[in-house]
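# Structure at a glance
Below are the chains, spelled out letter by letter.
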Amino acid sequence: MSLKETVPAAVANYVDERTGAAKWLKKNLTKVFPDHWSFLLGEIVLYSFIILLATGTFLTFWFDPSSKEVIYNGAYEPLKGLKMSAAYESTLHLSFDVRGGLLMRQIHHWAAIIFMAAMIIHLLRVYFTGAFRKPREFNWVIGIGLLTLGIIEGFLGYSLPDDLLSGTGIRITEAIIQAFPVVGSYLAFFVFGGGFPGEAFIPRIYTVHVLLLPGIFLALITAHLMLVWYQKHTQYPGPGRTEKNVVGYPLMPIYMAKAGGFFFVVFGVIALLGAVASINPVWLYGPYTPGQISAGSQPDFYMGWIDGLVRMAPPLETHAFGHTISWNILLPGLIVPGLIFTPMALYPWIESWITGDKREHHLLDRPRNVPNRTAIGAAVMMFFFVSLLNGGNDLIATHFDSSINHIMWFARIGLFVLPVLTFFITKRICLSLQRADRDLVLHGRETGRLVRLPHGEFVEVHEPLSKEKIWTLTSHEQQGALEVPEVDANGVARPGKLKAKLRASWSASNAVQIAKPSAKELESHEDGSHH
């Protein structure tokens, strides 16, 4: 062996003799991971987070998290001589005076946008394919926690420059905090260190943004990856794939090579966006002044739905015992998000309770094969879409020459009507796709080739599916409705009658399916006469 080969070998042997790492590494570096494009969504989240840490570290060297008033004398002429906070002045200094500062700011912001977008799409993939089921309930809760923290972290991040746009968002946040019954004003004084805007808020959220929340993110992401590693990765159904195995590629060298290459693809795309697509040009907004607000103020998309809910809320207030409860802020800003995110986090247990399914699942569902779950997900997405749409009602009104009142009332009505319509339409589409799968299995694939029979009839020749394709389309389970008796074996009514009725009703709705082809039907079509 050459010197280049013997030195690493000697080092590896030295470490192994003292730690016993070779056996552990041999076992884990050959661990198999399945291969599918949708699994890359989680990797995009991870790589975006790494980019956020790297660029955020760069920005901390020049950013001054202070509300101290200064006079700007930097390179940007239109703002010279204006009074502003040190935070805003240092942001302008980063953008115009620090070499590569503006590029890093934009890469950081775009990485945050892609981080949140990829996380949302990744969670949707997990939901619609049933990857949250036992034993992955805790990982689902971690995902919802990461989404919630991502919204908070993103809001704090774009609030730090203390420009007019971010200051408007902070003002709305203060109103939401004050909407807490009884203790709201005390909480606002605690958060802002006195009256709004105060001088303590920017330093405080800076500490939370760069220290506290990133630490929590690191802990949760680590826990998430450890659970994925321990529980093994889910996979889509297909030939040779069962609940007890994983079909794919080993971690080393194939998966690591692909993952490493994909990291640079993600980084390249984000860097390109940062270089050519301007985002959050704070110099155009000017420094924050409590008495001013910019027209067309819009938060980033992951906060836009809350803004839309606040905009559409009617002016409802309650005055009691010397306190005012502003329902127009409390409901859309606190109660509705809580009513959405709490069931989202608990959904694995809710579905398990409805179906009575307590088994482990490592094979994913096709969304069409679980119509109720898919319809619920589509309805919730419609709720968020309508809310997000109303968050930009002023821009929609000016761009399309429409009445903002008409848009507002469309959103108010649509928020209740459209999710319900989406549920039923999506469920019917899923059932139609199931019926199409059944016909495809029984009759084969259309070839577009017409044949004339001896008696003059024209028929289209269908090509039979392969056994592997048939297995993929028919391997899923179709659970029947859960029987929830109202009385026990002695004829005595069970406690929780209403709860039992609700469970039986939801289970019956969940069990609505198009029956798969039976074994007898499949045998009758194996003679090749598919037409």
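Now for a description of the structure that goes with this document.

Reading guide: rules and limits
- Residues numbered from 1 in each chain as written.
- Predicted model: local features only at pLDDT ≥ 70, side-chain atom pairs only at ≥ 80, totals over all residues.
- Heavy atoms only, no water.
- Helix = DSSP H or I, 4+ residues; strand = E, 2+ residues; numbered from the N terminus.
- Expected span 1.5 Å × (residues − 1).
- Bend = angle between axes of the 7 residues up to and from the residue.
- Buried < 20%, exposed > 50% of the residue type's maximum accessible area, 1.4 Å probe, protein only.
- Contact = heavy atoms within 4.5 Å.
- Axes fitted to C-alpha atoms, helices over the stretch in contact; angles between N-to-C directions.
- Parallel < 35°, antiparallel > 145°, perpendicular 65-115°, else oblique.
- Left-handed = near helix turned anticlockwise from the far one by under 90°.
- Nonpolar A, V, L, I, M, F, W, Y, C, P; charged D, E, K, R; others polar.
- Phe/Tyr/Trp six-rings, centres within 6.5 Å; stacked < 30°, edge-to-face > 60°.
- Polar contact = N/O pair within 3.5 Å; in protein donor to acceptor, adjacent residues only side chain to side chain.
- Pairing = 2+ DSSP bridges.
- Salt bridge = Lys/Arg side-chain N within 4 Å of Asp/Glu carboxyl O.

### A closer look at helix 9 (residues 201-231)
Taking 1.5 Å per residue, 31 residues should reach 45 Å; helix 9 reaches 42 Å between its end C-alpha atoms and fits that length. Maximal helix bending in helix 9 amounts to about 35°, located at H209. For helix 9, the complete set of buried residues consists of F201, I202, I205, Y206, H209, L213, P214, F217, I221 and Q231. Tucked inside the fold, the buried residues of helix 9 contact helix 3 (40-60), helix 4 (86-96), helix 5 (101-128), helix 6 (137-159), helix 7 (164-178) and helix 8 (184-192). Remark: K232 follows helix 9 within two positions and exhibits a positive phi of approximately 70°.

### Details of unusual backbone geometry
A cis amide bond links K134 to the next residue, P135, at an omega of 10°. As for its placement among the helices and strands, P135 is situated in the loop between helix 5 and helix 6. The linkage connecting M252 with the following residue, P253, adopts the cis geometry, with an omega of 0°. Although it is not a glycine, K232 sits at a positive phi angle of roughly 70°. Locating K232 in the fold gives a position in the loop between helix 9 and strand 4 (249-250).

### Overview of the packing of helix 3 against helix 9
Helix 9 packs onto helix 3 with a crossing angle of 155° between their chain directions and a minimal axis gap of 12 Å. As the angle between them shows, helix 3 and helix 9 are arranged roughly antiparallel. Helix-helix and strand crossings are classified by hand; for helix 3 and helix 9 the assignment is left-handed. In contact with L46, F49, L53 and T60 of helix 3, helix 9 contributes Y206, V210, P214, F217, L218, I221 and L225. Its residues assigned to classes, the contact of helix 3 with helix 9 shows 10 nonpolar, one polar and no charged.

### Notes on the packing of aromatic side chains
Taken as a whole, this structure holds 32 aromatic pairs when the rule is applied. Relative to F263, the ring of Y47 lies with its centre 5.4 Å away and its plane at 90°, an arrangement referred to as edge-to-face. Here the residue Y47 occupies a position in helix 3, and F263 occupies one in helix 10 (residues 251-276), the gap between them amounting to 216 residues. Seen in terms of ring centroids, F49 and F217 are 5.8 Å apart; in terms of plane orientation they differ by 40°. Their pairing is tilted.

### Focus on the environment of K134
Following the sequence through the fold, K134 ends up in the loop between helix 5 and helix 6. Separated by 163 residues in the primary sequence, K134 and S297 place their C-alpha atoms 43 Å from one another. A distance of 3.1 Å separates a polar side-chain atom of K134 from the backbone oxygen of K358.

### Things to note about the environment of L418
Among the structural elements, L418 can be located in helix 16 (residues 404-443). Here L418 falls in the partly exposed class, since its relative accessible area comes to 25%. A C-alpha to C-alpha distance of 10.0 Å links L418 and V380, two positions 38 residues apart in sequence. Look past the residues within four positions of L418 in its chain and what remains in contact with it is M382, V386 and F410.

### Quick word on the pairing of strand 5 (residues 317-320)
With four bridges joining them, strand 5 and strand 6 (residues 323-326) adopt antiparallel strand pairing. Residue pairing in the sheet places E317 in a bridge with S326 of strand 6. Adjacent in sequence and paired antiparallel, strand 5 and strand 6 are bridged by two residues, among which F321 carries a positive phi angle near 55°.

### Remarks on the packing of helix 4 against helix 5
Taken N-terminus to C-terminus, the directions of helix 4 and helix 5 make an angle of 110°; their axes are 5 Å apart at the nearest point. One way to sum up the angle between helix 4 and helix 5 is to call them roughly perpendicular. Across from T91, L94 and S95 in helix 4, the residues of helix 5 making contact are G101, L102 and R105. Split by residue class, the contact of helix 4 with helix 5 holds two nonpolar, three polar and one charged.

### Observations concerning the pattern of salt bridges
Pairing of side chains with opposite charge becomes possible as their charged atoms draw close. According to the stated counting rule, one finds 12 salt bridges in the structure shown. Of the charged contacts, one joins D365 and R133 as a salt bridge, the two residues approaching to 3.2 Å between their closest N and O atoms. Taken together, the positions of D365 in the loop between helix 13 (327-355) and helix 14 (371-391) and R133 in the loop between helix 5 and helix 6 put the pair 232 residues apart, joining distant regions of the chain. Note on D365: relative accessible area 15%, which makes it buried.

What is shown is where atoms sit, not what they do.
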